[in-house]
Structure formats: C-alpha cells, structure tokens
Amino acid sequence: MKQLGDMLLRRDPFSEIVMGNTAIVRAMVEAGTRVVSSYPGSPTPEIAAAIGSISSADRPFYFEFSTNEKVATELAYGAAVNGHLSTVFFKSVGLNVAADTFVQLTLMNIIGGMVVVLGDDPGANSSQNEQDNRHYAAMSYTPVLEPADPAEVYRFYREAARLSQQQHMPVILRLTTHVCHAKQRVAFGPWNPAAADDTPRFDPAHGPYIPLTSLAIEQKRRSLARLEMVRRHAETSALNRIVDNGNPARGVITMGLPFLSLMEALIDTPAAPDILKLAYVHPLPRETIIGFLCGHREVKILEELDDVIENQIKAMAFDQKLPVRIIGKTCAEDWIGEYTPDKVRQVLGATWPDSITPAQTAQPEDPAPLRPPQMCPGCGHRSAFYAIKQALAPTDITVADIGCHTLGFLPPYAMGQLLMCMGASTAMASGLRLFNTSRSVVAFMGDSTFFHAALPGIINAIYNRHPITLILMENGTTAMTGHQDHAASGKNFNAATDKIPVRQVLEGLGVKHIFEVDTYQQAKLTQQVTAATAIDEFSVVIARHACMLQFTRERRKHPGYGQKHVNLDQRVCDRIHTCVEAFGCPTFTRDSAGKVTINTDLCIGDGSCIQTCPTEAIRPAGKNGPGGAA
C-alpha cells in the first residue's frame, strides 16, 4: 500500500497501470482537491482504499467516511462554500439518501467547486436496483461527465473540477461498475504542490445561501444560466470525439462503457458506422449532435439503462426537421443490464443485422454455473440466524435491512422476507405490526446501518409504541463494502476516536427492553429472542460477534499463524445433515451418497457449527477419535 501511496504523490509525470478508482485519486491530487467525503458502497470503495494508501501526514486533502451519504454531501458542500475544492463519492443508491440536499446544490454559489462522483450500477451487480442517476442530473440541472476507462476517469475528473470552479456549481462525474474496476495504463501529469491557502472564504454576500420561497425563482434562473454556459463549453470540448469510419449511411451516438463495447463489437466489421462519443451527457452538446445527425441517414443511440439521451436527441431532430432515422431502444431488454460487448453485439445486430458477423454472436458452449452469494465461514450472522429460527413461529414476519445479513433470506435460513433500503426495516416492521395481534414481527439491522439511516425509524417505533422486535446484528464494522469503520468502531478513517456505543444510544432513546448476546451462544440467543418477541413493547436484541473475515485477516498478519479447522467423526455421524441443510456453512460438502466432509481450505475452525450437530460428530481439531478426521 505504501508503494501505491508514493505513486499517487509523485511530482514528475509518469504512467502506470491502475484501476479507474485509483486514477481518480491521482486526479484529485493534481486538481488541488482539499476535502473529500464518502459513505462506502460498491463500486466506489477502492477510491477510499487508494486514499488510505497515502499516509495521513502526506495526504494533500482531508478525507472522512461520514455517517451517511447525505451527511457526506453536506460536509463537502460546506467546505466548498468556504472556498475549498471538494469531492463527495458514493454508490448509485447513495444519491437517494443525499437527494434532499443534492437537488438544491445548483441553486447555490459554490465558490470553491464541488465534484460529485457517482458509482452507478448497470446490471445491479451490488445494488437493489438499476436506477439511472442521469434523471437526478436533469431534475437538479447538474452537469454530468461520463468516462469510459481509467484514462478518461483521470482526465474527466480534472475537467469536472475546473468546470465546477469556473461555474461555481456542482458537477457529476458518473462512473459505472466496469469503469471503476477496469485497469489501464494511464499517463499522469506533474504535481507541483503549492502551499494551500486555507483561508476561510465563506461570505453571505456570495449567496444567497438560504433557499427561501421568495428567492427560489431567481436561484433557479441562475442555475439554468450556468447550465447553458456548460452546454456551450461542451460544444467545443475535445472530450467529445468522433470516430470517422467514412459511413454516411449509419452512425452511432454513445458514451462511457457502451463506447468501448461498441469498438470491440465492430472489430473486423467491413462497414463500421461512424461514432459520436459523448463526454458531456448532461447538458448535451446540441450543435455537435445536430451536425452528426445531418451527416447520416440512420443513427443508433446506444446507452445503458434508460432512454435519457435518445429522447432528447429525437426531440432535437424533430425541432430541426432533420431527414434522419433515429433508432433507440426497441425491446424491454434494451433497458436492462450492462452494455458489455456481447450485449452491444445483440443490440447492434437487432438494429443492423448485416453489421455483426455470425461468429461474433456465438455464445459459449458451456457457460459458467451460477454461484449464489453466501455468508463467509464462521460468520456470526449464520450462527444468529440458525438460533433465531428456533425461536420464531413459521407464521412470524421477518424484515431485512441492507448488509451482509441480507443474505439471511436465502436457504436454509429464510430470515428477512422484505427488504427496501438502508434503515427501512424498523419502520416497515412497525407497519406490518398494525392490526396484527397473531404474528410477531422481527426486524434485522446491522450496526453500520443503525448509524446510517435507522435512528428515525427506531425513534418512531418508540414514540408511537410499535410492539416489534429489532435484532441488531453488531459486528463492529461496515463489512459488506470492505470493513470500513463506523461510529461504534472506536476509530475513524484518520485516527482513534471515542466509540458511540449502540446500547447507550438505545438507552438514551428510551428503549426499555434490551438484550445482549454473542451470536455463537446459540441457545442463549434463542431464549432471548423468544423473550423479546413475547414483550408487548418495542424490544431490541443486540446479537454481537466480530466479522470473522476481518478477524482472520488480522490474525494472518501475526507470525506463526496457522489456519485451524474442525473435524468430523464419521463413526458418529448419522447423516442427519443438520450441518448442511439447517446451518448451511459452506465448508460442509455432501456427496451423492450423503456423506458429509469438511473443506479444510474454507474452514477457519471457529467452532460455531459444533453445537448444531445432534450427534456431536463435529469436534474441534485434535479431538476426534481414530479415523475421525474427514
């Protein structure tokens, strides 16, 4: 990691193979960014990992993981109106959390400049939906640049920072999953750090910064004028480019990852269409697009997710009465998924069948089998779900939240029958309890989510006396996105800090019924959940255990570490298969004859499975009888 940090702070120009999420950090350094904030969420966490590779003493900007995306946005905004170039980054659905603040940013005079880095997720690789955040950009009059590869991530961030500082408005840099994680050799410029001028420059005279009703119309008018200035700039920007294949019959307008997929799909194509690759996807460079339309008889609009660009371009052609056929999305599948090369071949082949050869559309004969996600070996959530299931009736209702524990809805646990977004479980559970006197309602939540967005729902349940049970799955980290710290961890990104204990927060809110247990104590956890659900008031069970993936990673750093595992005594095993069918640890495998063995490469020897075996065939390593080891 130190080598990465040293590279990111090199003074002389250099080139290096890096991820898109790493290239953007070098761009932050070169652009003179002073404040960066975030809440972790895929596909952007590696941005923070790259930042973390720079020692805090050498880091040329302040960085923090805020408690949620809204807070992160507000912190970056506050720094920007104080004169500091700032950046906030988060995943696609994080913008929903930040939206209340975000949609007002262009109304303000952001004197320091502010870049909003969005990790959109076509294909829903790590998100609960495929939302297209270009809609937010249009609604809020915010410019959007969309790079296609790590080299463009670097250049486009610098462009976004300059534009934001010039226009005193936020600029979105829209990344997608493949762009974040792609690797490419990037040519970086020099970095000549000057002494930072950290003089506070906030002045109410730069505003107004209070969005009163009487000021809203004028603020909107100013926002639209700035957006028009950006559009004029986009018309002459070298970031938009044309690939001229000498084909006046056919053209394609595209951007971002679909452009790269298109270029791959067109390899060896004899009559490739001309291509207009857009860098500015909002506002669109109207004259550039109209000029391209005028030069072609048919133009295909190639964009992931929604038909945002397509509808605008069709409107332009209609207004100009252009004799060009514009082809957009033609079936429901065109709105779905990432535009990988295979997908683009299908889309282009459906539009112009003669543009793609049969060999290019061939599918693999033996596609890889699907592999469902699952909790890690030793995960405390698995032990918890196994125990909790013993306490609940089949008719009880369980409500999931966002985190590793969301996977509890999969077999064999079937815990969490509803899911919405971070922090929603308590309020949904409260609604499910109304007019319901026969079925207990249990909500699940992680400790990071507790601080992120859950407190209003919990307060509502207490205030309005909703008799539900909240099971707080506390593992001391934000595990699902890479083990980032949170308010109860005892440290933040930069230093040790005071813990904000979950139990004390609950007690401070007035929760009367709080139970605590380590999730490996399965019998006790079953008893506590039984007691908690019998209480006709709001109750909380704090089911606590460290994230074992993080724990074992830390242990491997110590000299003499050796991976442990449990053993299975085949003489005692009656093949009841509780370990496989009810507990479900992936270290257990069952063959066609029903024999269960242990994958010692996966097993970490935590022993949480031992208490689940009705015949006591599972034992700690070294405690098997002769011939007992699997």
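Within every chain, residues take consecutive numbers counted from 1 along the sequence as written. Side-chain atom pairs in this predicted model are given and counted only at pLDDT of 80 or more, local residue features only at pLDDT of at least 70, and totals for whole chains, interfaces and linings cover all residues. Hydrogen atoms and water are omitted, and side-chain values are computed over all heavy atoms in the structure.

Asker: So what's going on with the overall build of the protein chain? Residues and values would help.
Answerer: Numbering of helices and strands runs from the N terminus; a helix is a DSSP stretch of H or I covering at least four residues, while a strand is a stretch of E covering at least two. Helix and strand content of the protein chain: 20 helices and 23 strands. C-alpha atoms define the radius of gyration in this analysis, and the globule rule sets the expected value at 2.2 Å times the number of residues to the power 0.38. On C-alpha atoms alone, the protein chain measures out to a radius of gyration of 27 Å, which is about the 25 Å that the 2.2 N^0.38 rule sets for 630 residues. Seen through its principal axes, the protein chain has C-alpha atoms that stretch 80 × 65 × 55 Å. Burial classification: accessible surface area is computed with a 1.4 Å probe over protein chains only, and a residue below 20% of its type maximum counts as buried, one above 50% as exposed, and the rest as partly exposed. Every one of the 630 residues in the protein chain was classed for burial, and the buried ones make up 55%. Here, two residues are considered to be in contact whenever any of their heavy atoms come within 4.5 Å of each other. Long-range contacts, defined here as pairs at least 24 residues apart, represent 78% of the contacts in the protein chain between residues at least 6 apart. For every accessible area listed, the method is Shrake-Rupley and the probe measures 1.4 Å; residues are considered covered only by the protein chains on display. Split by element, the accessible area of the protein chain, about 27,500 Å² in all, is 55% carbon and sulfur. The convention is simple: Lys and Arg are positive, Asp and Glu are negative, and His and the chain ends are not counted. Think of each charge as sitting on NZ of Lys, CZ of Arg, CG of Asp or CD of Glu. Charged side chains in the protein chain number 57 positive and 62 negative. The centres of these two groups are separated by 3 Å.

Asker: An account of the nonpolar core is needed here, citing residue identities and associated values.
Answerer: The term nonpolar core refers to a set of buried residues drawn from Ala, Val, Leu, Ile, Met, Phe, Trp, Tyr and Cys, joined through side-chain atoms within 4.5 Å. Core analysis: the largest hydrophobic core is formed by 48 residues, its most contacted members being Ile24, Val25, Leu145 and Leu173. When residues in this core are grouped by element, the largest group, eight residues, is from helix 7 (residues 150-167). Setting aside its immediate chain neighbours within four residues, Leu145 contacts Phe156, Glu159, Ala160, Val171, Ile172, Leu173, Arg174, Leu239, Ala279 and Tyr280. If you look at the next biggest cluster of nonpolar residues, it comprises 42 residues, including Ile111, Met114, Ile313 and Leu322.

Asker: So what about the sheet that holds strand 17 (residues 469-474)? Which residues, and what values?
Answerer: Pairing between strands is defined by DSSP: at least two bridges between the two strands are required. Across the sheet, five strands lie side by side as 15-16-17-19-18; this open sheet has parallel pairing. The open sheet has two edge strands with one neighbour each: strand 15 (397-399) and strand 18 (513-518). Ignoring strand direction, the axes of neighbouring strands in this sheet form an average angle of 20 degrees. Two elements, strand 18 and strand 19 (residues 539-544), share six bridges in a ladder whose sense is parallel. Orientation is described by lines fitted to C-alpha atoms, with helices fitted over the stretch in contact, and by angles between N-to-C directions that extend from 0 to 180 degrees.

Asker: Before we move on, could you go through the sheet that holds strand 9 (residues 241-243) and cite the residues and values that matter?
Answerer: In space, the five strands of this open sheet follow the order 9-11-10-13-14, with mixed pairing throughout. Of all strands in the sheet, those bounded by a partner on one side alone are strand 9 and strand 14 (325-327). For this sheet, the mean inter-axis angle between neighbouring strands, taken without regard to orientation, is 20 degrees. Where strand 10 (residues 250-255) and strand 11 (residues 274-278) come together, five bridges link them in parallel fashion. Note that in strand 11 the partner of Val252 across the bridge is Ile275. Running at roughly 170 degrees to strand 11, helix 11 (residues 286-294) makes contact with strand 9, strand 10, strand 11, strand 13 (298-301) and strand 14 of the sheet.

Asker: Please give an account of the packing of aromatic side chains that cites residues and values.
Answerer: Any Phe, Tyr or Trp ring, taking Trp's six-membered ring, that has another such ring centre within 6.5 Å forms a pair; planes under 30 degrees apart are called stacked, those over 60 apart edge-to-face, and the others tilted. Summed over all chains, the structure comprises twelve aromatic pairs. When the centroid spacing of 5.3 Å and the interplanar angle of 40 degrees are considered together, the rings of Phe202 and Tyr209 count as tilted. We classify Tyr209 as buried; its relative accessible area is 16%. Here Tyr386 and Phe583 contribute two aromatic rings whose centre-to-centre distance is 5.7 Å and whose plane-to-plane angle is 80 degrees, an arrangement assigned as edge-to-face. Taken together, the residues span a long stretch of sequence, with Tyr386 in helix 14 (residues 380-391) and Phe583 in helix 20 (residues 578-583) at a distance of 197 residues. With a relative accessible area of 15%, Tyr386 lands in the buried category.

Asker: Could you give an account of the environment of Pro200, naming the residues involved and the relevant values?
Answerer: In this fold, Pro200 is placed in the loop between strand 8 (183-188) and helix 9 (213-236). Relative accessible area serves as the criterion here: at 60%, Pro200 is assigned to the exposed category.

Asker: So what's going on with the confidence of the model for the protein chain? Which residues, and what values?
Answerer: When the pLDDT values of the protein chain are averaged, the result is 92; 97% of them are 70 or greater. Within the model, the stretch residues 624-630 combines pLDDT values under 50 with 18 contacts to residues more than four positions away or in other chains. pLDDT runs from 0 to 100 and stands for how confident the predictor is about each residue.

Asker: Please set out the packing of helix 10 (residues 256-265) against helix 13 (residues 341-351) residue by residue, giving values where relevant.
Answerer: It is the contact of helix 10 with helix 13, at a shortest axis distance of 8 Å, that shows an interaxial angle of 70 degrees. Accordingly, the angle class assigned to the pair helix 10 and helix 13 is roughly perpendicular. Counting all contacts with helix 10, which are made through Pro258, Ser261, Leu262, Glu264 and Ala265, the residues of helix 13 involved are Pro341, Val344, Arg345 and Leu348. By residue class, the composition of the contact of helix 10 with helix 13 is six nonpolar, one polar and two charged. For classification purposes, angles smaller than 35 degrees are called roughly parallel, those larger than 145 roughly antiparallel, those between 65 and 115 roughly perpendicular, and all remaining angles oblique. Under the scheme applied, nonpolar residues are Ala, Val, Leu, Ile, Met, Phe, Trp, Tyr, Cys and Pro; charged residues are Asp, Glu, Lys and Arg; polar residues are all the others, including Gly.

Asker: Summarise the pairing of strand 10; cite the residues concerned and give the values.
Answerer: For a regular strand, side-chain orientation follows a simple rule: the groups alternate between the two sheet faces. With six of its six residues buried, strand 10 lies for the most part within the structure. The two faces of strand 10 match: Arg250, Val252 and Thr254 on one face and Gly251, Ile253 and Met255 on the other face are all buried. By the bridge criterion, four bridges tie strand 10 to strand 13 in an arrangement that is parallel. Paired with Gly251 across the bridge in strand 13 is Val299. Taken together, strand 10, helix 10 and strand 11 form a β-α-β motif whose crossover is right-handed. By definition, the crossover connecting two strands over a helix is right-handed if that path, from the first strand to the second, turns clockwise as seen with the strands pointing away from the viewer.

Asker: Could you give an account of the state of the cysteines, with specific residues and numbers?
Answerer: Any two cysteine sulfur atoms within 2.5 Å of one another count as a disulfide. Across all of its chains, the model carries zero disulfides by this definition. Just so you know, Cys609 is unpaired, no disulfide at all, and the nearest cysteine sulfur is the one on Cys603, 6.3 Å from it. Relative accessible area serves as the criterion here: at 7%, Cys609 is assigned to the buried category. No disulfide involves Cys613; its nearest neighbouring cysteine sulfur is the one of Cys573, lying 6.5 Å away.

Asker: Describe the side chain of Thr478, with residues and values.
Answerer: The topology assignment puts Thr478 in the loop between strand 17 and helix 17 (502-509). On the accessibility criterion, Thr478 (9% relative accessible area) is buried. Within polar-contact distance, the side chain of Thr478 engages the side chain of Ser448 at 3.0 Å. Not counting residues within four places of it along the chain, the set of residues in contact with Thr478 comprises Tyr39, Pro40, Ser448, His483, Gln484, Asp485 and His486. Polar contact is defined as a pair of N or O atoms within 3.5 Å, subject to the rule that within protein one atom must be able to donate a hydrogen and the other to accept it, and that residues adjacent in sequence are counted only when both atoms are side-chain atoms.

Asker: If you had to explain the pairing of strand 11 to someone new, which residues and values would you point to?
Answerer: Extensive coverage of strand 11 is indicated by the burial of five of its five residues. Residues Asp274, Leu276 and Leu278 point to one face of strand 11 and Ile275 and Lys277 to the other, with burial holding for every one of them. Strand direction decides the pairing type here: strand 9 and strand 11, joined by three bridges, are antiparallel. Bridged to Ile242 within strand 11 is Leu276.

Asker: Give a detailed account of helix 5 (residues 94-102), specifying residues and quantitative values.
Answerer: Turning to helix 5, its buried residues are Gly94, Leu95, Ala98, Ala99, Thr101 and Phe102. On an axial view of helix 5, the arc spanned by its buried residues comes to 165 degrees, and they lie on one face. Each element contacted by the buried residues of helix 5 is listed here: helix 4 (69-80), strand 4 (86-91), strand 5 (114-120), helix 6 (134-140) and strand 7 (170-176). Relevant arc is that of directions from the helix axis to the C-beta atoms, nothing else.

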